Amino acid sequence: MAHLSTAGADGSPQVTVIWIGMDGNDLVSGHMGWRAKLGNMERDPRAVLSFDAPRVPGVFLNPYAVLRVRAAIEPSDGAWDLLDRLAKVYISPDTQFPAPKGPGYIVRYSVERIGGVGPWAEGSR
């Protein structure tokens, strides 16, 4: 799961948890309806994705990644197919995405900077 942070029209933060996947070298998310996060990214494509590693008992600070990204929204008849593929990862291999099939949106994220705690973070090597 990823935390997607965008900025509202008034500059206030808006955070939502989304499924994220890969399409070639692109990070992607699927959306069946137009929600605040899509409006925010249409107005200002700068966003942040954060990922937290599974909790390890006894570890002071688990690895996590924070990606500054630029989002590009694509209306797509393939949004349901992407979400169905991700449902098999996030829920169960035999799960079907539980929404009616139809058009939606795919968001592609271009990574501009990677931070956090782990070998991927700047200055940790």
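The residue count restarts for each chain, going from 1 along the sequence in the order it is written. Per-residue local features are limited, in this predicted model, to residues with pLDDT of at least 70; the limit for side-chain atom pairs, both in listing and counting, is 80 or more; totals at the level of whole chains, interfaces and linings are taken over all residues. The side-chain numbers reported here are obtained from all heavy atoms of the structure, hydrogens and water having been left aside.

S.K.: Tell me about a nonpolar patch on the surface, and please be specific about residues and values.
M.R.: Residues Val111, Ile114 and Trp120 make up a contiguous nonpolar surface patch of about 230 Å² in total accessible area. Here Val111 lies in strand β7 (residues 104-117). Patch rule: a residue counts if its relative accessible area is over 30% and it has no salt bridge; like charges are joined within 9 Å, and nonpolar side chains (Val, Leu, Ile, Met, Phe, Trp, Tyr) within 5 Å. Accessible surface area values rest on a Shrake-Rupley calculation with a 1.4 Å probe, where residue burial reflects the displayed protein chains alone. Take a side-chain nitrogen of Lys or Arg and a carboxyl oxygen of Asp or Glu: if they are within 4 Å of each other, that pair is a salt bridge. Runs of H or I in DSSP of at least four residues are treated as helices and runs of E of at least two as strands, each being numbered from the N terminus.

S.K.: Would you mind going over the nonpolar core in detail, with residue names and values included?
M.R.: The definition of a nonpolar core used throughout is a set of buried Ala, Val, Leu, Ile, Met, Phe, Trp, Tyr and Cys residues joined through side-chain atoms within 4.5 Å. Throughout this description, buried means an accessible area under 20% of the type-specific maximum (1.4 Å probe, protein chains only), exposed means over 50%, and partly exposed covers the range between. Leu4, Ile18, Ile20, Met41, Leu49 and Tyr109 are the most contacted members of the largest nonpolar core, which has 15 residues in total. Within the residue set of this core, elements represented by two or more residues are β1 (2-7), α1 (36-43), β5 (46-52), β6 (64-76) and β7. Here the element with the most residues in this core is β6; it accounts for four residues. Throughout, a contact is declared for two residues whenever any of their heavy atoms are within 4.5 Å. With residues up to four places along the chain from it excluded, the contact list for Tyr109 reads Leu4, Ile18, Ile20, Leu27, Val28, Ser29, His31, Met41, Leu49, Val69, Arg70 and Ala71. Counting residues in hydrophobic clusters, the runner-up holds 10 residues, among them Leu83, Ala87, Phe97 and Ile106.

S.K.: Which residues make up α1, and what values go with them?
M.R.: Think of an α-helix as 3.6 residues a turn; residues three or four steps apart then line up on the same face. Looking only at α1, the buried set comprises Lys37, Leu38, Gly39, Asn40 and Met41. In the core, the buried residues of α1 are packed alongside β1, β2 (13-18), β4 (26-31), β6 and β7.

S.K.: Before we move on, can you summarise the pairing of β4 with the specific residues and values?
M.R.: A large share of β4 lies buried, amounting to five of its six residues. A strand pair is defined by DSSP finding two or more bridges across the two strands. Pairing between β4 and β7: five bridges, direction antiparallel. Counterpart to Ser29 in the pairing with β7 is Val107.

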